[in-house]
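# Observations on chain architecture
Here's the letter readout for the chains.
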Number of protein chains: 2
Amino acid sequence: MASEFELIDLFQNIGSKYYKQNGIVISPGDDCAVFDFSKPVITSVDASVVDVHFPSNANPEDIAYRSIAVALSDLAAMGCKPRAFSISLTSPIGDKDWYQGFSKGVEHIADEFQISLIGGDLTKGPLNINVIVYGSPYTDKVLKRNGARVGDYICISSQVGRAAKGLDDWKDKKFESDFIQDYLRPIPKISLGNEIIDIASACIDTSDGLLADMKKIIEASNRGAEVYVDKIPYTRSINDINAGDDYDLCFTVSKENYLDHFIKIGLITDTQEIRLISDKGYDTDINGFDHFTNG
Amino acid sequence: MASEFELIDLFQNIGSKYYKQNGIVISPGDDCAVFDFSKPVITSVDASVVDVHFPSNANPEDIAYRSIAVALSDLAAMGCKPRAFSISLTSPIGDKDWYQGFSKGVEHIADEFQISLIGGDLTKGPLNINVIVYGSPYTDKVLKRNGARVGDYICISSQVGRAAKGLDDWKDKKFESDFIQDYLRPIPKISLGNEIIDIASACIDTSDGLLADMKKIIEASNRGAEVYVDKIPYTRSINDINAGDDYDLCFTVSKENYLDHFIKIGLITDTQEIRLISDKGYDTDINGFDHFTNG
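Throughout what follows, the structure given in this document is the object of discussion. The structure displayed is predicted, hence computed values, not measured ones.

Attention now goes to the overall build of chain A. Each helix and strand in chain A was counted, giving seven helices and twelve strands. Its C-alpha atoms give chain A a radius of gyration of 20 Å, near enough to 19 Å, the size a compact globule of 295 residues would have. Counting every position in chain A, which comprises 295 residues, the buried fraction comes to 55%. Long-range pairs, those at least 24 residues apart, make up 87% of the contacts in chain A with a sequence separation of at least 6.

This is the structure we're talking about:
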């Protein structure tokens, strides 16, 4: 069985080549990390729990990648640039191979986004991964949920329900399915966040399901919405509007700022209600995944 | 059973009265929090796992307090001022009372140190609490582990083994024991960190046991040490030098910077070894608590 210190060594230099560009002053190895972005700091933490956020038999490389990707997705939603991250890994596993796989997944995504691993914690217990991300604004703006204005278009950038199908395909052992990557390796929409930072009025990432997350924008902005259900591209059925884990961005833009490659799925209204509009007579509900009342 | 959103509400305003003084720009409720300290940021994450870091039957107020205190202790070790924190709480419990107790413990320590809760995550699973702390330097300095110089005195500020006795007293149901508070509610040595920031050459907090943690200073500084075992104030026996969870600071200062209320327990030498010196013929080992090979 590997010692805690041997395992920590696996992570010691991940993203160290980006320390300078990321403003890292003191790197892992001390009681704390120190960084200086010379800008406001955007931060978030996301927990990934075995059998809730990933299947227990997923490979450690994917588990690591996914845990970090979903945390970076929160920075994408604020239109910010990721610079550093920390990982607190609680694991029951003593096998060094598992940690080697895990550290590969960490390194992969660190290189993909040129971010630096600046700290963490390693403890024994049921598998639970917490990722903390630190970023800075691309401009002098950050995107919030509460800026949607009456007349703004509600947009997404890709089809809903990919990840949910990926998870089912994984469970059904259809390992040739392309959707599995959508579930296990979601791509945080950092470039989209950067693209819309100066034109979007509100933004959120879709982790709990498109409708549930869109509802958070509408409520925070104290507005209503018409949602054109027939315009929403889905994977398996229209119920995908309630499917979680896609990690796309749902955002609002004025008519003037609308770009052709955005998928327009609704309109912000001055009512306090959300109207689902469809010519097909769908019977859909606005639900999100609530960790404490569902499942 | 309470919903995730009801539970999140319990934490919504903790430390909000300190937002301004702490440079909090965007508070909980968006995808990320935003702060601007206009100074370098010191950050750390600490996991507290049930039955590893606290007994499963501890009350939720103590669990919350302790989880945050041990994370703040890392800021103390760097001689820094705590300003904000986030909590990622994974819990199997559906009972709102438990979360109410937990949130009280959070509020208590937030008020004690005038820090703001800026975000978090709430997920279902085996009890696991991750606390992320964010601080800034009191001066233009931060304390590191690697600055000990030959001739420096090695110091601590209080007796070792208090927390370990507290945990045993708890297990033995000796609930009248004062030591239980040392275990369940360790006081992060923020003021001591501030006091020594300009005079100490190296510092660490003692979470894994005095000798194990002192060894990290000595190794990081690439020095040796003589440790005067008979000078170390202990609680039950000299084996307390290996007892974890005290969260005192172990630091080094030059002879000129030594103050009377520091407890001097050793001297930094130019050897690469640690010599334990005692007239009493103790047989002690330098061990720390390694989460993966002990227990």
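A separate point is unusual backbone geometry. The backbone phi angle of A:Lys173 is positive, close to 60°, even though this residue is not glycine. Summarising the element assignment, A:Lys173 is placed in the loop between helix H4 (162–171) and helix H5 (179–184). A positive phi angle, near 75°, is found at B:Asp245, a position not held by glycine. Relative to the helices and strands, B:Asp245 is located in the loop between strand E9 (224–228) and strand E10 (249–253). With 23 C-beta atoms packed within 10 Å, B:Asp245 lands in the buried category.

Here we come to the nonpolar core. Ranked by size, the top nonpolar core spans 184 residues in total, and within it A:Ile68, A:Phe85, A:Val106, B:Ile68, B:Phe85 and B:Val106 carry the most contacts. When neighbours within four sequence positions are excluded, B:Ile68 is seen to be in contact with B:Phe85, B:Val106, B:Ile109 and B:Val131.

On to the relation of the copies chain B and chain A, then. Mapping chain B onto chain A calls for a rotation angle of 180° and an axial translation of 0.0 Å; the resulting RMSD is 0.0 Å. Expressed as a symmetry operation, the mapping of one chain copy onto the other fits a two-fold axis. When you check the interface residues of chain B against chain A, 100% turn up at the interface there too, and the contact is symmetric in its surfaces.

Residue-level contacts link 52 residues of chain B with 52 residues of chain A. No other element matches strand E3 (residues 41–49) of chain B, which puts eight residues into the side of chain B that touches chain A. Of the residues that constitute the side of chain B that touches chain A, the class distribution is 25 nonpolar, 15 polar and twelve charged. With three bridges joining them, strand E2 (residues 33–35) of chain A and E3(B) adopt antiparallel strand pairing. The partner of A:Val34 across the bridge, within E3(B), is B:Ile42.

Residue and element names in this part refer to chain A. When you tally the buried positions in strand E4 (residues 80–91), you get twelve out of twelve residues, the bulk of the element. Sheet topology note: the E4/strand E6 (residues 128–137) ladder contains ten bridges and is antiparallel. Each bridged residue has a counterpart across the sheet, and for Cys80 the counterpart in E6 is Pro137. By the bridge criterion, eight bridges tie E4 to strand E5 (residues 116–124) in an arrangement that is parallel. Considered in E5, the bridge of Phe85 is made with Leu117. Chirality of the crossover, the property in question, places the unit of E4, helix H3 (residues 96–113) and E5 among those that are right-handed.

To continue, consider the packing of helix H2 (residues 60–77) of chain A against H3(A). Residue and element names in this part refer to chain A. Relative to each other, H2 and H3 sit at 40°, their axes nearing to 6 Å. Of the possible angle classes, the one that applies to H2 and H3 is oblique. Considering how the two elements wind past one another, H2 and H3 form a crossing that is right-handed. Listed contacts from H3 to Pro60, Glu61, Asp62, Ile63, Ala64, Tyr65, Ile68, Ala69 and Leu72 of H2 are Trp98, Gly101, Phe102, Lys104, Gly105, Val106, His108, Ile109 and Phe113. Broken down by class, the residue content of the contact of H2 with H3 amounts to twelve nonpolar, three polar and three charged.

For the rest of this paragraph, the subject is the sheet that holds E2(A). Across the sheet, which stays open at both edges, the six strands sit in the order E1(A)-E2(A)-E3(B)-E6(B)-E4(B)-E5(B) with mixed pairing between neighbours. Both outer strands of the open sheet, strand E1 (24–26) of chain A together with strand E5 (116–124) of chain B, are each paired with one neighbouring strand and no more. Across the sheet, the axes of successive neighbouring strands diverge by a mean angle of 25°, strand direction being ignored.

Our focus in this paragraph is the environment of A:Ile265. Residues and elements named next belong to chain A. Mapped onto the elements, Ile265 comes out in strand E11 (residues 263–269). Spatially, the C-alpha atom of Ile265 lies 9.7 Å from that of Cys250, the residues being 15 residues apart in sequence. Residues in contact with Ile265, not counting those within four places in the same chain, are Ile154, Cys155, Ile156, Val227, Tyr228, Lys231 and Ile232.

Rules behind the numbers
Residues numbered from 1 in each chain as written. Chains lettered and ligands numbered in written order. Predicted model: local features only at pLDDT ≥ 70, side-chain atom pairs only at ≥ 80, totals over all residues. Helix = DSSP H or I, 4+ residues; strand = E, 2+ residues; numbered from the N terminus. Rg over C-alpha atoms; globule rule 2.2 N^0.38 Å. Buried ≥ 20, exposed ≤ 12 C-beta atoms within 10 Å, placed from the backbone. Contact = placed C-beta atoms within 7 Å. Core = buried A, V, L, I, M, F, W, Y, C linked by C-beta atoms within 7 Å. Least-squares fit on C-alpha atoms with pLDDT ≥ 70 in both. Nonpolar A, V, L, I, M, F, W, Y, C, P; charged D, E, K, R; others polar. Pairing = 2+ DSSP bridges. Right-handed = clockwise from strand over helix to strand, strands pointing away. Axes fitted to C-alpha atoms, helices over the stretch in contact; angles between N-to-C directions. Parallel < 35°, antiparallel > 145°, perpendicular 65-115°, else oblique. Left-handed = near helix turned anticlockwise from the far one by under 90°.

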